[in-house]
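Each chain is listed here by its residues.
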Amino acid sequence: MFKSNIPEGPMDKKWEEYKGHVKLVNPANKRSLEIIIIGTGLAGASAAASLGELGYKVKAFCFQDSPRRAHSIAAQGGINAAKNYQNDGDSVFRLFYDTVKGGDYRSREANVHRLAEVSASIIDQCVAQGVPFAREYGGLLSNRSFGGTQVQRTFYAAGQTGQQLLIGAYQALERQVALGNVEMYARHEMLEIVMVDGKARGIIARNLITGGLERHFGHAVLLCSGGYGNVFYLSTNAMGSNVTAAWKAHKRGAYFGNPCFTQIHPTCIPVTGDHQSKLTLMSESLRNDGRIWVPKQKNDPRKANEIPQEERDYYLERRYPAFGNLVPRDVASRAAKERCDAGYGVGTSKQAVYLDFASAIERYGKIECRKHGIDNPSAEDVRKLGMDVVKEKYGNLFDMYAKITGEDPYTTPMRIYPAVHYTMGGLWVDYELMTSVPGLYALGEANFSDHGANRLGASALMQGLADGYFVIPYTIGNYLAGEIRTAPIPTSHPAFETAEQEVAARLQKLKTINGTQSPESFHKRLGKIMWDKCGMARNEAGLKEAIEEIRALKAEFWRDLRVTGEINELNPELDKAGRVADFIELGELMCMDALQRRESCGGHFREEMQTEDGEAKRDDDNFSFVAAWEYKGDSSWELHKEKLDFEVVHPTQRSYK
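Bear in mind the structure is a predicted one, so any value in this text is a computation, not a measurement. The residue numbers shown here count from 1 along each chain, following its written sequence. Under the rules for a predicted model, residues below a pLDDT of 70 receive no local features and side-chain atom pairs below 80 are neither given nor counted, while totals for whole chains, interfaces and linings still include all residues. Side-chain figures throughout are based on the complete set of non-hydrogen atoms in the structure, without hydrogens or water.

Asker: Tell me about the overall build of the chain, residues and numbers included.
Answerer: In DSSP terms, a helix is any run of H or I states spanning at least four residues, a strand is any run of E spanning at least two, and both are numbered starting from the N terminus. Looking only at helices and strands, the chain features 17 helices and 19 strands. To get the radius of gyration, use the C-alpha atoms; to get the globule rule, take the number of residues to the power 0.38 and multiply by 2.2 Å. For the chain, whose C-alpha radius of gyration is 24 Å, the value lies close to the compact-globule estimate of 26 Å for 657 residues. Taking the principal axes of its C-alpha atoms as reference, the chain extends roughly 80 × 55 × 50 Å. Residue contacts are counted whenever heavy atoms from the two residues lie within 4.5 Å of one another. The long-range share in the chain, meaning contacts at least 24 apart out of those at least 6 apart in sequence, stands at 74%. In the structure as shown, the chain presents an accessible area of about 24800 Å², 49% of it carried by carbon and sulfur atoms. Every accessible area reported is derived by Shrake-Rupley at a probe size of 1.4 Å, with residue values counting cover from the shown protein chains alone.

Written as structure tokens, this is what we have:
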């Protein structure tokens, strides 16, 4: 039976005790140990920089042309940390509690508490790197609120927090590259894990420029390759984001944890037509000051500014008065869907709700007028000064919305609708972030560990940097201390030879099907199946249909795929084909996982399991476990269950009212 390896002792002492007794690798031995890192977003870049700084020999791989193009750069709103700068009652325990509750009691307590503990150190690290966090007038770092909390603990850099944090991690990474401690491989995609005597000992990577296959040895392999939201085709993820690295590891023995736990983000620009290939996120930080509403009249034909206040339904404030517009993402998303399904949606598609800043502009404007000593200000004065404040806090987000929609969000409410954003599921890992395969680790969004069935906003950046800067430097030593006598395995070893042959054969098979349909067309069809039947709401009949439809799609894919170009050259179509093949298999597992989990929790909403007022209804007696799936062959998996024990935060029905 697989073990989570959670340390003994009180929850708030586990990490400290672990660090005090973990095995260490001395500096001289570190120089002879090689580590492979896949992905250079926040988790991968911070891990590579940290391990390089410690003296390990690191090889870092990314499929982009630069680590700075990792999808972490797209994060907008902020990063959580229990600093309590606002003196509003925050603490490590409060962040721990909010995260477990926000995840609907489907996360592992020990991992979450460690995350909360190291959160404050992340901010110190990033400030030291020069990350330009927003600051209050007196110079202290500023905070704002995100969903699922009643404190202000989110640090931010305008609406481009991910970009600024990634630049900080990238600079740390490039320093190690310059020192020779990290070797960087851009435009390379990992296509196979190499196993030797039951341990991960290397990878097969494809040079995306030349098409050539390469063998690389490592005493350990770290997967920091992000999430798999693009299985839905339309999502807020970069178009290149994929599941291939994690999926290859899964097929080599790494268990996949909670694959059906997908986060739907409530604040995205709505779909406009079939031509779209991705969706654009509007940061959750906008819910700090924006108010969400729909008309009280069904199918109201009027423009937003023509509808008076008394005819507007601020439905989140009405339903959840304690949290209002800052309820967690799963709650806000389902509420928006319910209003639209009931006929209150807005815009041409009627699949949108309004996000309105008029009240915030007026409130900030009045405050600024007082600051400027303007007595009896005109409405124009109030509006101008209020807009200046909103522009300073959210300007780049408003500009982005205006460019995409052609509408001015300062004068007209934004239209938003939920969309696929993040995946809480991922490779199963233990307390040390090791998968069920010895020597193979998963960090950041690539693992399942910290967010349960729903991630609180601004916690993705926190987890990625926590794993890379503060967790893996300790935990990997516990494994590598036993590997100091393992000499580098030559890549001529039969295991490398066999793995490369398998990759080459798979590429050849994709190329020589010579059918009629493009990889993109299959991806789009898969996405529709997943969104319709395993999206914001799922039911038994739909999931069973989806499984059969995906199996039929898979058979058609391997019968009628057409890949243009050649194998041994730059060939994005071939790259895409391999990723879509993996997405199709993942989609089948996601639906199987959703089908067996006969409860509603967080982002997993089974229509058969809901309360009288439409909220998620958990079944703690039967489903308080992590679903860890073991690959057994084509369309065949075995379910393992890691029981979740709650020592500190005892499960209750979530309420944000």
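Asker: An account of the packing of helix H14 (residues 519-534) against helix H15 (residues 540-560) is requested, with residue identities and associated values reported.
Answerer: Taken N-terminus to C-terminus, the directions of H14 and H15 make an angle of 175 degrees; their axes are 10 Å apart at the nearest point. In terms of orientation, H14 lies roughly antiparallel with respect to H15. Of the residues in H15, those in contact with Phe522, Arg525, Leu526, Ile529, Met530, Lys533 and Cys534 of H14 are Gly542, Leu543, Glu545, Ala546, Glu549, Ile550, Leu553, Glu556, Phe557 and Asp560. Charged residues are taken to be Asp, Glu, Lys and Arg, nonpolar residues to be Ala, Val, Leu, Ile, Met, Phe, Trp, Tyr, Cys and Pro, and polar residues to be all remaining types, Gly included. For the contact of H14 with H15, the per-class residue count stands at ten nonpolar, one polar and six charged. Simply put, an axis is a line fit to the C-alpha atoms, just over the touching stretch for a helix, and the angle between two N-to-C directions goes from 0 to 180 degrees. Throughout this description, any angle smaller than 35 degrees is read as roughly parallel, any larger than 145 degrees as roughly antiparallel, any in the 65 to 115 degree range as roughly perpendicular, and the remainder as oblique.

Asker: Explain the side chain of Arg606 residue by residue, including any values.
Answerer: Inspection of the secondary structure assignment puts Arg606 in the loop between helix H16 (572-596) and helix H17 (620-623). Between N or O atoms, a polar contact is any pair within 3.5 Å; within protein, one atom must be a potential hydrogen donor and the other a potential acceptor, and residues adjacent in sequence are included only when both atoms are from side chains. In terms of polar contacts, Arg606 uses its side chain to reach the backbone carbonyl oxygen of Leu595, at 3.0 Å. Ignoring sequence-local partners within four residues, the contact set of Arg606 consists of Arg538, Asn539, Glu540, Leu543, Ala594, Leu595, Arg597, Arg598, Glu599 and Ser600.

Asker: I'd like to hear about the environment of Ile513, residue by residue, with values.
Answerer: In this structure, Ile513 sits in the loop between helix H13 (494-511) and H14. Residues Ile513 and Cys268 lie 245 residues apart in sequence; the distance between their C-alpha atoms is 38 Å. Filtering out sequence-adjacent residues up to four positions away, Ile513 remains in contact with Phe557, Trp558, Arg559, Asp560 and Leu561.

Asker: An account of the sheet that holds strand E6 (residues 188-196) is needed here, citing residue identities and associated values.
Answerer: At least two DSSP bridges between two strands are required for those strands to pair. If you walk across this open sheet you meet the three strands as E6-E7-E8, and the pairing is antiparallel. Each end of this open sheet is capped by a strand with a single partner; those strands are E6 and strand E8 (213-217). Going from strand to strand, the sheet's axes swing by 30 degrees on average, the running direction of each strand aside. Lying on the sheet, H13 is in contact with E6, strand E7 (199-207) and E8; it crosses E6 at an angle near 140 degrees.

Asker: I'd like to hear about the nonpolar core, residue by residue, with values.
Answerer: For this analysis, a nonpolar core means a set of buried residues of the types Ala, Val, Leu, Ile, Met, Phe, Trp, Tyr and Cys, connected via side-chain atoms within 4.5 Å. Burial here depends on accessible area, computed with a 1.4 Å probe over protein chains only, as a share of the maximum for the residue type. Under 20% is buried, over 50% is exposed, and the range in between is partly exposed. Counting residues in each nonpolar core, the largest one holds 185 residues, and the members touching the most others are Ile79, Leu222, Leu223, Tyr441 and Ile476. The start and end points of each domain follow an automatic or database-based domain assignment. Counting residues domain by domain, this core receives three or more from each of domain 1 (265-420) and domain 2 (492-623). Those residues in contact with Leu223 that lie beyond four places of it in its chain are Ile38, Met190, Ile193, Ala245, Ala246, Ala249, Leu427, Leu440, Tyr441, Ala442, Leu443 and Ala446. Counting seven residues, the second-largest nonpolar core is a separate cluster that includes Ala304, Tyr314, Val346 and Tyr354.

Asker: For the domain arrangement of the chain, give the residues involved together with the corresponding values.
Answerer: Domain boundaries assigned for the chain yield domain 1 (265-420) and domain 2 (492-623). On a C-alpha basis, the centres of domain 1 and domain 2 stand 34 Å from each other. Of the residues lining the interface, ten residues belong to domain 1; the matching set on domain 2 comes to nine residues. The term buried area denotes the loss of accessible surface (1.4 Å probe radius) that occurs when two parts are joined, taken as the sum for both partners. Counting each side, the surface lost to burial between domain 1 and domain 2 is near 750 Å², with a carbon and sulfur contribution of 61%.

Asker: So, H14: which residues are in play, and what are the values?
Answerer: Its 16 residues give H14 an end-to-end C-alpha distance of 21 Å, which sits within 8% of 22 Å, the value for a rise of 1.5 Å per residue. Taken together, the buried positions of H14 are Pro519, Phe522, His523, Leu526, Gly527, Ile529, Met530, Lys533 and Cys534. Each buried residue of H14 sits inside an arc of 165 degrees when the element is viewed along its axis, so together they form one side. On its buried face, H14 is in contact with H15 and H16. Expected helix span is computed as 1.5 Å times (number of residues minus one). Each C-beta atom gives one direction from the helix axis, and the arc is the one those directions make.

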